[in-house]
Every structure is written in structure tokens, then in C-alpha cells.
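# Residue-level structure breakdown
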Amino acid sequence: YEKEPLNEATVRKSDANDKAGRPLVELRHVDKHFGKLHVLKDINLSVNQGEVLVVVGPSGSGKSTMCRTINRLETIDSGEILINGQRLPQEGKGLAMLRAEVGMVFQQFNLFANKSIIENVMLAPVKVRHMDKKKAYDLAMDLLARVGVESQANKMPSQLSGGQQQRVAIARALAMQPKVMLFDEPTSALDPEMVNEVLEVMTRLAHEGMTMICVTHEMGFARRVANSVVFMADGKILEQGTPDEFFDHPKTDRAKDFLSKIL
Ligand code: ADP
Ligand code: MG
């Protein structure tokens, strides 16, 4: 499919309001329990505008929970989360607005099964951003073209392959013109032959300057695309560094053990 870059209309590279070098997403001393389970332990993270952060770690280490706290699908016990310098509020209109800045793509594609592909992508801009339908349609078609599935626009999700559905899920998240995209193992549920088509779309987004936080086991992608890699285990960040530092010189036994199993 077409390899042309995502344009300004579909991806805001920067806002006049965004100061270069200021963290777009920041977690400060974030703690969370599920009952007795201490799932996030003093998590500190910051992702600057245009940066790609890859999060890796064994299953159960809290990666998904951390992602979900960033758009407040999960509450936190203590600490704070800032989006574009603003503290994530508990609820209300401010929360809805900040949430709209954060696009999220999950392992399961989560498309609305009873809506067509184009309707899936148009829905949030029309309902949440009150975009008029013609404009939302044009935006959605543009985004579907960018992820290479425009010919599927009038089909239902079940008629598409997993890789196509996941690309639609990315287009749907982009339709809200988020400032940051969170990807939680977006290729884990895909048949192997469909992994690359999704990683290609993500790589292109990164090259276009999208700020991204990606939980993934795709180490090739992490090496090529990440500015920074975070290794989590047991609810803690044990290592953070450049891809070369992390993959070539892991410091902790946990990371060495993890890498020996996955590489
Ligand atoms: P990862 O994404 O790294 O595999 P998760 O964030 O999904 O880890 O889970 C971290 C831990 O929290 C696991 O032990 C998991 O069973 C537990 N957990 C996740 N969600 C919930 C929940 N809603 N209620 C209780 N425990 C949960
Ligand atoms: Mg997970």
C-alpha cells in the first residue's frame, strides 16, 4: 500500500502551545494497588514531544496497567500523571479533554462489531469533537488510506483480517488527533504474517513525529524505532536507556534473563 507520509491534517506534529523539550507525558511517583497486589511501584517516566518510548517486561509486570493509568482507564493511589504539563484530573470535562489527547490501541482490536469500518473511524470525531459528518468522513477516508485499508471502508470489522482491523484501530485513534499514542501489545494477537503491516504503520507514525508509548515484544521494532526503552518487572521500572544500552548491555539479572528468553 501507499507509503506516503501522514500529513499535517491527520497528525499534529506540534502545537504552538507545546514547548519543545517539555515532557508530553510524565508520571511522577505513581503507585497503584489492586487490593493487596502492589501493581505499580513508584513509577517515574517522562516522554518528550516526538519521542518513542518502548516498554518491555515479563507478563504480569504492570505494563498494561501503567498504560491504562495514562488515559485514566485505571485510577492511581498516589503520585501524579501530567499530560502536556497538565495534571490528569479525577473526572469531569477536563478529564475528557485530556483523555482525547491520548490515543490508545490495544492487543484486541476493539472495533465496534456492528458498525462499518468508516463508521468506526468517524464515530469519535462526530460524537466527542462535534465534527460535521462530511469533514469526519473525509478525515476518516484519509486516515484509512494512510493505513492502507481505504478499500475496506464500507465493510464490517469481521470481514477484515486481524492486521487490517488493527490498522483500522490505529486510524480510529488518530481520528481524534491525539498528541500521544499508546500501543499495548498491538501485534500480540495477530497471525505472524500480519505483524509487519502493523509495525510498518507504527514506524511511519514515529517517523512523522508522533509521540508514542509502545508496549511490545517486537524487539526489532524497539531497536529500530525507540528513543528510549523501559524494562518493567514486578511493578517497578528496573532499567531505562537507549535501545543499544538496554539490548546490548542490560544491567540487571532480571533484564538479562528476560532478554535471553525473548531474543
Ligand atoms: P502486563 O501488562 O505487564 O502483563 P498487567 O498490568 O496486565 O501486566 O497486570 C499486572 C498485574 O496486575 C497482574 O498480576 C495482573 O493479574 C494484575 N491485574 C491486572 N488488572 C487487574 C484488575 N483489574 N484487578 C486485579 N488485578 C489485576
Ligand atoms: Mg499487558
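Residues numbered from 1 in each chain as written. Chains lettered and ligands numbered in written order. Predicted model: local features only at pLDDT ≥ 70, side-chain atom pairs only at ≥ 80, totals over all residues. Heavy atoms only, no water.

The name an unreviewed UniProt entry assigns to the protein chain is ABC-type polar-amino-acid transporter, from the organism Bifidobacterium bombi DSM 19703. What the UniProt record of the protein chain gives under Subcellular location (unreviewed entry) is the line "Cell membrane". (UniProt positions renumbered as here; feature names shortened; annotations may be inferred.)

## Some details on the state of the cysteines
Per the counting criterion, the structure on display carries zero disulfides. Free of any disulfide, Cys67 has its nearest cysteine sulfur in Cys214, 8.8 Å distant. (Disulfide = S-S within 2.5 Å.)

## A short note on the side chain of Gln165
Following the sequence through the fold, Gln165 ends up in helix α5 (residues 162-174). Its relative accessible area of 14% is what places Gln165 among the buried residues. Beyond its immediate stretch of four places on either side in the chain, Gln165 contacts Phe109, Leu111, Pro157 and Leu160. (Helix = DSSP H or I, 4+ residues; strand = E, 2+ residues; numbered from the N terminus. Buried < 20%, exposed > 50% of the residue type's maximum accessible area, 1.4 Å probe, protein only. Contact = heavy atoms within 4.5 Å.)

## Description of the layout of surface pockets
It is the rolling of a water-molecule-sized probe over the atoms that shows where space remains empty. Its volume calculated, the largest pocket comes out at about 580 Å³. Taken together, 22 residues line the largest pocket, and the ones lying closest to its centre are Val102, Met104, Ala124, Arg172 and Met176. Elements that contribute at least two residues to the lining of the largest pocket include exactly α2 (92-100), β6 (102-105), α3 (117-127) and α5. The greatest single-element share of the lining of the largest pocket, amounting to four residues, is contributed by β6. (1 Å grid on protein atoms, 1.4 Å probe; cavity = no way out; pocket = protein on both sides within 12 Å on 5 of 7 lines; lining within 4 Å. Points joined across faces, edges and corners; volume = space filled by probe spheres on them.)

## A look at the site of ligand 1
Close to ligand 1 lie Phe34, Leu37, Val39, Pro58, Ser59, Gly60, Ser61, Gly62, Lys63, Ser64 and Thr65. Here an oxygen atom of ligand 1 and a side-chain polar atom of Ser64 are 2.8 Å apart. Considering ligand 1 on its own, with 560 Å² of exposed area, one finds that the protein chains cover 58% of that surface. Among the secondary structure elements, those contributing two or more residues to the shell around ligand 1 are β2 (37-48) and α1 (63-70). A total of three residues in the shell around ligand 1 trace back to one element, the largest contributor, which is α1. Among the residues making up the shell around ligand 1, the classes are represented as four nonpolar, six polar and one charged. (Near = heavy atom within 4 Å. Polar contact = N/O pair within 3.5 Å; in protein donor to acceptor, adjacent residues only side chain to side chain. Areas by Shrake-Rupley, 256 points an atom, 1.4 Å probe, with all protein chains shown as cover. Nonpolar A, V, L, I, M, F, W, Y, C, P; charged D, E, K, R; others polar.)

## Overview of the packing of α3 against helix α4 (residues 133-146)
Contact geometry for α3 and α4: axes closest at 9 Å, N-to-C directions at 125°. With respect to α4, the element α3 is oriented oblique. Crossing geometry of α3 relative to α4 is assigned as right-handed. Here α3 contributes Ile117, Ile118, Val121, Met122, Pro125 and Val126 to the contact with α4, which in turn contributes Lys133, Ala136, Tyr137, Leu139, Ala140, Met141 and Leu144. (Axes fitted to C-alpha atoms, helices over the stretch in contact; angles between N-to-C directions. Parallel < 35°, antiparallel > 145°, perpendicular 65-115°, else oblique. Left-handed = near helix turned anticlockwise from the far one by under 90°.)

## Structural notes on the sheet that holds strand β8 (residues 211-215)
Within the open sheet, the six strands sit side by side as β6-β7-β8-β3-β9-β10. Their pairing is mixed. The outermost strands of the open sheet, each flanked by one partner alone, are β6 and β10 (236-241). Between one strand axis and the next, the sheet turns by 20° as a mean value, whatever way the strands run. Bridge count between strand β3 (residues 52-56) and β8: four bridges; the pairing is parallel. From the neighbouring strand, Leu53 faces β8, where its bridge partner is Ile213. This element, helix α6 (residues 192-207), spans β3, β7 (180-184) and β8 of the sheet and lies at about 145° to β8. The strands that helix α9 (residues 253-262) touches are β3, β9 (228-233) and β10; relative to β9, the one it contacts most, it runs at about 100°. (Pairing = 2+ DSSP bridges.)

## Description of the pattern of salt bridges
Scanning all chains against the criterion turns up 13 salt bridges. The partner of Glu74 in a salt bridge is Lys32, with the nearest N and O atoms 3.8 Å apart. A residue pair is termed long-range when its members are at least 10 positions apart, and Glu74 in the loop between α1 and β4 (78-83) and Lys32 in strand β1 (residues 23-34) qualify at 42 residues. For the pair Glu74 and Lys32, one class covers both residues: buried. (Salt bridge = Lys/Arg side-chain N within 4 Å of Asp/Glu carboxyl O.)

## Quick word on empty space enclosed by the protein
Counted under the stated rule, the structure contains two cavities of 30 Å³ or more. Reported here for the second largest cavity is a volume of approximately 40 Å³. Along its surface, the second largest cavity is lined by Val229, Glu239, Gln240, Gly241, Glu245, Phe246, His249, Pro250 and Lys251. Going through the elements one at a time, β10 and α8 (243-248) are the ones with two or more residues in the lining of the second largest cavity. Sort the elements by how many residues they give to the lining of the second largest cavity and β10 lands first, with three residues. Looking at the lining of the second largest cavity residue by residue, the classes come out as three nonpolar, three polar and three charged.

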